[in-house]
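Commentary on secondary and tertiary structure
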Amino acid sequence: MTTQTPREKSIAHPSTEQVELVIGGMTCASCANRIEKKLNKLDGVTATVNYATEKARVHFPENLTPDDLVAVVEQTGYTAALPQPPAEENAATEPADPTDALRTRLLVALVLTIPVIAMAMIPALQFTNWQWLSLTLAAPVVVWGALPFHRAALTNLRHATATMDTLVSLGTLAAFGWSLYALFWGTAGTPGMTHPFEFTIARMDGTGSIYLEAAAGVTTFILAGRYFEAKSKRRAGAALRALLELGAKEVSVLRPTGTDNWTEERIPVEQLATGDRFVVRPGEKIATDGVIVDGSSAVDVSMLTGESVPVEVGPQDSVAGATVNVGGRITVQATRVGSDTQLAQMARMVEDAQSGKAQAQRLADRISGVFVPIVIALAVATLGFWLGTGGSVAAAFTAAVAVLIIACPCALGLATPTALMVGTGRGAQLGILIKGPEVLENTRRVDTVVLDKTGTVTTGKMALLDVVAAAGEDTDEVLRLAGSLEDSSEHPIAKAIADGARQQIGALLPVEGFRNNAGLGVEGVVDGHAVLVGRTGLLAEYALNLDDDLRDAMHAAEAEGRTAVAIGWDGKARGVLVVADTVKPTSAEAVSRLRALGLTPIMLTGDNTTAAKAIARQVGIDEVIAEVLPQDKVAVIERLQGEGRTVAMVGDGVNDAAALARADLGLAIGTGTDIAIEAADLTLVRGDLTAAPDAIRLARRTLGTIKGNLFWAFGYNVAMIPLAMAGLLNPMLAGAAMAFSSVFVVSNSLRLRRFRPTH
């Protein structure tokens, strides 16, 4: 019998339906894999389970129903449900944080565990009957605090599998159970019992020793790790929420009231239908995808293309929802609404891109997949050996429990969280945010870094770069009149000229009779002069023609990918002003540092090829891929990955979100949009590209520390397991070894605080 891969099944049995299920009960990436494999065993079904978003996207044939799929997931030991339609929410009501319950469980466990560990490890605190107080404090931690692990272990048992939850549950229950036995039926409950530090190994029956500090401590440490993991997962899901919130909330729709008469009605954007006409005023977001039927304007489409210069639009031009009207009043007829818009499609792209990452299991889960079954088998073998060789039941059980206790991952519970907390804390001081341990695995293998242009390599804002005056004209006068006139306009190019004039000249002059010629430029009277600023076509309408020098200056600027506008007054063209998106001062140095890390830089942008290559030359990038849409960016990342490269992506805009999620390592510029930051693995808070090589170095160092911690955490356990099997493990020596392994792991993690950025 041969097993079809999901892709082969999808070809043999084309899916006719698709559904998205909300999955509950997953505790690690292996849970997602288990559900996915179970669903894919159904004939004609292709499923992808996303652990980060806790959702399953399933393609299934007509002979199955969503209820059948839910039943399969429930048979696997998890919950599944169809997503509920969004309810009308009170804007003043904040959604509940699903990590609140886990945080409460962690805090309660922490408060109860600290005195238990202190009493067990400090003989001076072991007053008469201290062991009974320790039992009172530890019982809620082991029973209630570790309840999620016990439930997961029970689910694993029903399906004949084992994960880290299994080992945590077995270890804590074994330690707690034997402590109860020692207290009630052994000698540990007698008044005056103490735990002295004796570093000797002796054969013993263990009825005078308790392990409450191990049971409570392991529970609390693992709870802490799970809490930080849950917070990371919540941030990952916020990416889609941030993207969908970019759209307009209300729209001014036009309703016919008679022949050629229309009235405006303000409605929620959800009520907008295909074919409706709506009004968009300057500064407002366009409610949905559509076609302009009246008016002309400039539209900021940077969220879609990354292009910093607004696009001039007029009647019959298409516009996209959530882009911003920065020019005049326009009327748009809706062509696509709801889930068909470009914004909704981008949200789906981000979720699809994230689902590929959700399959990567965390390092501890991968190791425990082998370690857990071996430890359980060794404990059972130890029990059988002692009973088979005539040893007492107490001695046999003590040895078996000792195996579980010494193998219980106390230091392992600290290995990842402590390194991550110290590494991320140090990163935050340096303006670098790392989301979680799973994002670090590819940092060592990254060999290609793809850089977005606008807002990443460049500032993302237009700035005045040059003023070219005609022969016989004063440059300051050209700039003063141009800046004064443009100061009355809201266009980004106009603002760049006005700001540049204000910085170089000082106070600007008043304007009379200002008029905006949509798509061409502006005109008005400044200091008694009738001034025109804009395209050459506007000046030509008034018979103001550029001389050869000005025309050459304009062509030279455009050849460099810059934007040039002309100025004229009193019947003559007087100069050319050049504006462009400027390169960040540190970008060239950052590219050099990335090369020093062995990375090949590539510029990927929605901007035009000429402008992109000009910027690339300034910062030292040889390969440029320009004029690409968001879906093209994802395709480029996939093509590079298909060539065998491990790709890091650095971006800042909504148009970069899907590519950031698809890349092996996504780095978002913190001065960019929320959706880009949420979709990325690393965030560079200060908006400086030199933080990118520092972020990769820190991520690699943190990953190395985690791997070292895991090695030593298992090393201590493995070294002590033979002693436990031989019945030679002194309880206090075991406790000391576990404490020392934890101290070593924490100390090793603290070394990350000495990480320094490259100067």
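Keep in mind that this is a model prediction, so the values were computed, not measured.

A look at the sheet that holds strand β14 (residues 432-434)
Strand order in the open sheet formed by 7 strands is β14-β26-β25-β24-β15-β22-β23, with mixed pairing between adjacent strands. Edge strands, defined here as strands with exactly one partner in the open sheet, are β14 and β23 (623-625). The sheet shows a mean angle of 20° between the axes of neighbouring strands, taken without regard to direction. With 3 bridges connecting them, strand β25 (residues 665-669) and strand β26 (residues 682-684) associate as parallel partners. Looking at β26, one finds that I669 is bridged to L684.

With respect to the environment of A657
Its location among the elements puts A657 in helix α22 (residues 657-662). By relative accessible area, A657 is classed as buried at 1%. Measuring from C-alpha to C-alpha, the distance between A657 and A668 comes to 8.8 Å, with 11 residues separating the pair along the chain.

Regarding the packing of aromatic side chains
Scanning all chains against the criterion turns up 5 aromatic pairs. Between W178 and Y181, the aromatic rings sit 4.6 Å apart at their centres with planes inclined by 35°, giving tilted as the arrangement. With W178 and Y181 both in helix α7 (residues 164-184) and 3 residues apart, the pair spans about one turn of that helix. Site record: aromatic cluster; members linked through ring pairs are W132, W178, Y181, F184 and W185. The lysine or arginine in question, R105, covers the ring of W144, its NZ or CZ lying 4.7 Å from the ring centre.

Brief notes about the sheet that holds strand β21 (residues 572-583)
The antiparallel open sheet is built from 6 strands, whose spatial order is β16-β21-β20-β19-β18-β17. Edge positions in the sheet fall to β16 (458-469) and β17 (511-517), since each has one partner strand and no second. Neighbour-to-neighbour, the strand axes of this sheet turn through a mean angle of 20°, independent of strand direction. Here strand β19 (residues 529-534) runs beside strand β20 (residues 563-569); their pairing, made up of 4 bridges, is antiparallel. Pairing of V531 across the sheet is with W569, part of β20.

What to know about the UniProt feature "transmembrane region" (unreviewed entry) in the protein
Look at the UniProt record and you will see "transmembrane region" (unreviewed entry) annotated at residues 106-124, 130-147, 167-188, 208-228, 367-387, 393-416, 710-726 and 732-750. A distance of 28 Å separates the end C-alpha atoms of residues 106-124, which is 84% helix and 0% strand. Taken end to end, residues 710-726 is 94% helix and 0% strand, and its first and last C-alpha atoms sit 25 Å apart.

Side note on the nonpolar core
Counting 48 residues, the largest nonpolar core has I210, L212 and V375 as the members making the most contacts within it. The leading source of residues in this core is helix α8 (residues 212-244), at 9 residues. Once residues lying within four places of it in the same chain are set aside, the contact partners of I210 are W130, Q131, S179, A182, L183, A188, M193 and H195.

Re helix α18 (residues 548-559)
Residue pairs spaced three or four apart in an α-helix point in one direction, given the helix's 3.6 residues per turn. Compared with an ideal rise of 1.5 Å per residue, which puts 12 residues at 16 Å, α18 spans 16 Å between its outermost C-alpha atoms and is within 8% of the ideal. Every buried residue of α18 is accounted for by L550, A553, M554 and A557. Across the axial projection of α18, the buried residues extend over an arc of 95°, all falling on one side. Facing away from the buried surface of α18 by more than 90 degrees, the exposed residues are D548 and A559. Where α18 is buried, its residues touch β16, α17 (536-541), β20 and β21. The opening residue of α18 is D547, an N-cap whose side-chain oxygen sits 3.2 Å from the backbone nitrogen of D549.

Conventions we followed
- Position numbers for residues start from 1 in each chain and track the written sequence from start to end.
- Reporting in this predicted model follows two pLDDT cut-offs: at least 70 for local features of residues, and 80 or more for side-chain atom pairs to be given and counted; totals over whole chains, interfaces and linings ignore these cut-offs and use all residues.
- The basis for every side-chain value is the complete set of non-hydrogen atoms in the structure, without hydrogens or water.
- Note: two strands are recorded as paired if DSSP finds a minimum of 2 bridges between them.
- Each helix is a run of H or I in the DSSP string that is no shorter than four residues. Each strand is a run of E no shorter than two, and both are numbered from the N terminus.
- Each axis is a line fitted through C-alpha atoms, taken for helices only over the stretch in contact, and angles between the N-to-C directions span 0 to 180 degrees.
- Three labels apply to residues, based on accessible area from a 1.4 Å probe with only protein chains included: buried if under 20% of the type maximum, exposed if over 50%, partly exposed otherwise in between.
- Note on ring pairs: Phe, Tyr and Trp rings are taken, using the six-membered ring of Trp, and paired if centres are within 6.5 Å. Classes follow the plane angle, with under 30 degrees stacked, over 60 edge-to-face and the rest tilted.
- Think of it as a cone above the ring: NZ of Lys or CZ of Arg counts as a charge over the ring if it is within 6 Å of the ring centre and within 35 degrees of the ring normal.
- UniProt positions are given in the numbering used here, feature names are shortened, and annotations may be inferred rather than shown by experiment.
- Take the buried Ala, Val, Leu, Ile, Met, Phe, Trp, Tyr and Cys residues and link them wherever side-chain atoms come within 4.5 Å; each set so joined is a nonpolar core.
- Whether two residues touch is decided by their heavy atoms; if any such pair falls within 4.5 Å, the residues are in contact.
- Every helix has an expected span of 1.5 Å times one less than the residues it contains.
- When we speak of the arc, we mean the arc of directions from the helix axis to the C-beta atoms.
- Pairs of N or O atoms within 3.5 Å make up the polar contacts considered here, provided that, within protein, one atom can donate a hydrogen while the other can accept it, and that residues adjacent in sequence are counted only when both atoms are side-chain atoms.

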